[in-house]
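Observations on the three-dimensional arrangement
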Amino acid sequence: MSRIGKQPVAIPGGVKVEVSPDRLVKVSGPKGTSEFRHASEVGVKVEGSSVVISRAGDDRVSRTQHGTTRALVASMISGVTKGFQKELDVIGVGWNVAVQGRKVVLNVGFCHPVTVDLPEGVQASCPNNTTVVITGHDKQKVGLAAARMRATRPPEPYKGKGVRYKGEYVRQKAGKSFGS
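The structure contained in this document is the topic of the report that follows.

About the thresholds
- Residues numbered from 1 in each chain as written.
- Predicted model: local features only at pLDDT ≥ 70, side-chain atom pairs only at ≥ 80, totals over all residues.
- Heavy atoms only, no water.
- Helix = DSSP H or I, 4+ residues; strand = E, 2+ residues; numbered from the N terminus.
- Contact = heavy atoms within 4.5 Å.
- Core = buried A, V, L, I, M, F, W, Y, C linked by side-chain atoms within 4.5 Å.
- Buried < 20%, exposed > 50% of the residue type's maximum accessible area, 1.4 Å probe, protein only.
- Salt bridge = Lys/Arg side-chain N within 4 Å of Asp/Glu carboxyl O.

**Description of the environment of K31**
With respect to the element layout, K31 can be found in the loop between β3 (24–29) and β4 (32–37). Spatially, the C-alpha atom of K31 lies 21 Å from that of P127, the residues being 96 residues apart in sequence. Excluding residues that lie within four positions of it along the chain, K31 makes contacts with G79, V80, T81, K82, G83 and H137.

**Points about the nonpolar core**
Core analysis: the biggest nonpolar cluster contains 20 residues, and V104, L106, I134 and M149 have the highest contact counts within it. Of all the secondary structure elements, the ones that give two or more residues to this core are β7 (84–91), β9 (103–107), β10 (114–117), β11 (122–128), β12 (131–136) and α2 (139–152). The dominant element in this core, judged by the number of residues it contributes, is α2, at 4 residues. Those residues in contact with L106, other than ones at most four positions away along the chain, are V90, N96, V97, P113, V114, V116, M149 and T152.

**Brief notes about the pattern of salt bridges**
In total, this model carries 7 salt bridges according to the counting rule given. Across the pair K166 and D89 runs a salt bridge, and its minimum N-O distance is 3.8 Å. Of this pair, K166 sits in the segment after β13 (162–165) while D89 sits in strand β7, and the two are 77 residues apart along the sequence. The buried category is assigned to D89, whose relative accessible area is 16%. The salt bridge involving R150 is made with E168; its shortest N-O contact spans 2.7 Å. Note that R150 is positioned in helix α2 and E168 in the segment after β13, a separation of 18 residues in sequence.

Encoded structure:
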């Protein structure tokens, strides 16, 4: 049996979890509402102040979906209570970032600014002109928005310039060396 899947997920105060007969799990809390349609191989039940995930059989698909469904429900509950956050640093001379409404504008060495649209339920802020903080209640959407911004100019290994996650280590290469 899955060690992760068999653990019940505690429901904190202020969070409401609903499971419909068509396998839709809806979690609502102070930060927002998340929905997830689980696989037919697992069952999700609300028992008291916890969510219990069970599986129908012992085949490979049921076993894989058991732990995955429990982890997704736990991250939905965590997201509507605490939320998720990713920080990105823009490293390069003259490179900067700005937030304009629901868009993030990156000036990262191209002849034009790169605009990245934010998904619904995701917010961005800039504490300074080289850092952007992405927050939201959906872990997948926050990660997707951060990955899209990083993909505009990933960090390169020679000078280290690019858009990188906060604390990301980029291994520097030596480059060409001229012989004598």
